[in-house]
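# Secondary and tertiary structure notes
The residues making up each chain are set out below.
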Amino acid sequence: MKDIRTLSLDELKDYFATIGEKPFRAKQVYDWLWSKNLHSIDEMTNLSKPLRDRILQDFIINPVSVDVLQKSTDGTIKNGVKLHDGLMVESVLIPTETRTTACVSSQVGCSLNCEFCATAKLKRMRNLEVAEIVDQVALIDKQSKLYFDRPLSNIVFMGMGEPMMNYKNVVEAIRKITQSDGMGMSPKRITVSTSGMPKMIKMLADEDLKVKLALSLHSAIEKTRNEIMPFSTKFPLTDIMEALQYWYQKTGNVITFEYCVWKGINDKDEDIKALIKYCKKVPSKVNLIQYNPIGEGKYDHRSIEAEERYVRELSKAGVTVMVRRSRGGDIDAACGQLANKTN
């Protein structure tokens, strides 16, 4: 049976027309599904009982559920999220004193092969549906209110999977999350993180979603980046930069470069100079991210001195740089660690 949440508002109107109901019923049901995130047709109280029974004959709702919940000593919460077909993804609530951020997944597993990422070691099973993405956001919003007494404030598409490889569903989920008859969240508080697919970056710019963009860079030297992220041989840094310049031209939004520093891999002066040169080509800022070990020895070294050198040289060159310390490392909830170990 079909999940009613796969229907657009117009398709809902067509459905109600076929069963002899007025078009306004579609808007009522749409509000229950996307504004209130209701998972039970029986609880749609402004519909008659006979109408609810009829809908139940034709449709179901397949919500996600939290199968395993883990709490970090720093307050971070990791959810092992079970999907309707028994597959699992992970999502994370990251609290600070001023905000709570949802890190959501877009795929079960991942299609890419970044050497440093635990998720990349998993086979990509399938893309998440629109409702499965929205459900992650809704459940973390509830957790934020329950545990921190405030609503969810920010969303990052930095969980399992490459958002651009599930482009259509990610874009539609963002629309559902931000539209006034959906969850009503500000698109300016949503960041889509990509490993760098020029065509898709341009497409996202044309969507006029008003979201932010982050690029997982890790090296501005082609050869080094290809070793760290082997798939990137298909997407040269020059093509990515052209797409980023297009992004800024269309949206006016500064790009964030996500960057880990590893000993013996990208910690030399030439690496820093290459990054500065790359940053100068488009309005951007750099987030130096603390690496989170996944058991692979090659990438298991933090280079604190090199990190400090990066900060010093980037700042001297006029590039905005922030050092991001990881959260939730003790429960494998930090960047690059999501690997469904709870499954």
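Everything discussed here concerns the structure shown above.
Residues numbered from 1 in each chain as written. Predicted model: local features only at pLDDT ≥ 70, side-chain atom pairs only at ≥ 80, totals over all residues. Heavy atoms only, no water.

Another point: the nonpolar core. If you look at the biggest cluster of nonpolar residues, it comprises 86 residues, and the most contacted ones within it are Ile55, Phe257 and Val286. Residue contributions to this core peak at 7 residues, all from helix α4 (residues 130-148). If we ignore the near neighbours within four places in the chain, the residues touching Ile55 are Ile4, Tyr15, Phe16, Val29, Ile41 and Leu47. Of all hydrophobic cores here, the second largest spans 9 residues; its members include Ile228, Cys260, Ile265 and Tyr291. (Core = buried A, V, L, I, M, F, W, Y, C linked by side-chain atoms within 4.5 Å. Buried < 20%, exposed > 50% of the residue type's maximum accessible area, 1.4 Å probe, protein only. Helix = DSSP H or I, 4+ residues; strand = E, 2+ residues; numbered from the N terminus. Contact = heavy atoms within 4.5 Å.)

All right, on to a nonpolar patch on the surface then. A cluster of nonpolar side chains, namely Val66, Leu69, Leu146 and Tyr147, defines an oily patch on the protein surface of about 360 Å² accessible area. A residue is classified by how much of its surface remains accessible, and Leu146, at 64% relative accessible area, is exposed. (Patch = residues over 30% accessible without salt bridge, like charges linked within 9 Å, V, L, I, M, F, W, Y side chains within 5 Å. Areas by Shrake-Rupley, 256 points an atom, 1.4 Å probe, with all protein chains shown as cover. Salt bridge = Lys/Arg side-chain N within 4 Å of Asp/Glu carboxyl O.)

A few words now on the pairing of strand β11 (residues 212-216). By the criterion of burial, β11 is predominantly enclosed, with 4 of the 5 residues buried. The sheet contact formed by strand β10 (residues 190-194) and β11 spans 4 bridges and is parallel. Paired with Thr194 across the bridge in β11 is Leu215. Running through helix α6 (residues 198-206), the crossover from β10 to the neighbouring parallel element β11 is right-handed. Where β11 and strand β12 (residues 255-259) come together, 3 bridges link them in parallel fashion. Counted as the bridge partner of Ser216 is Glu258 from β12. (Pairing = 2+ DSSP bridges. Right-handed = clockwise from strand over helix to strand, strands pointing away.)

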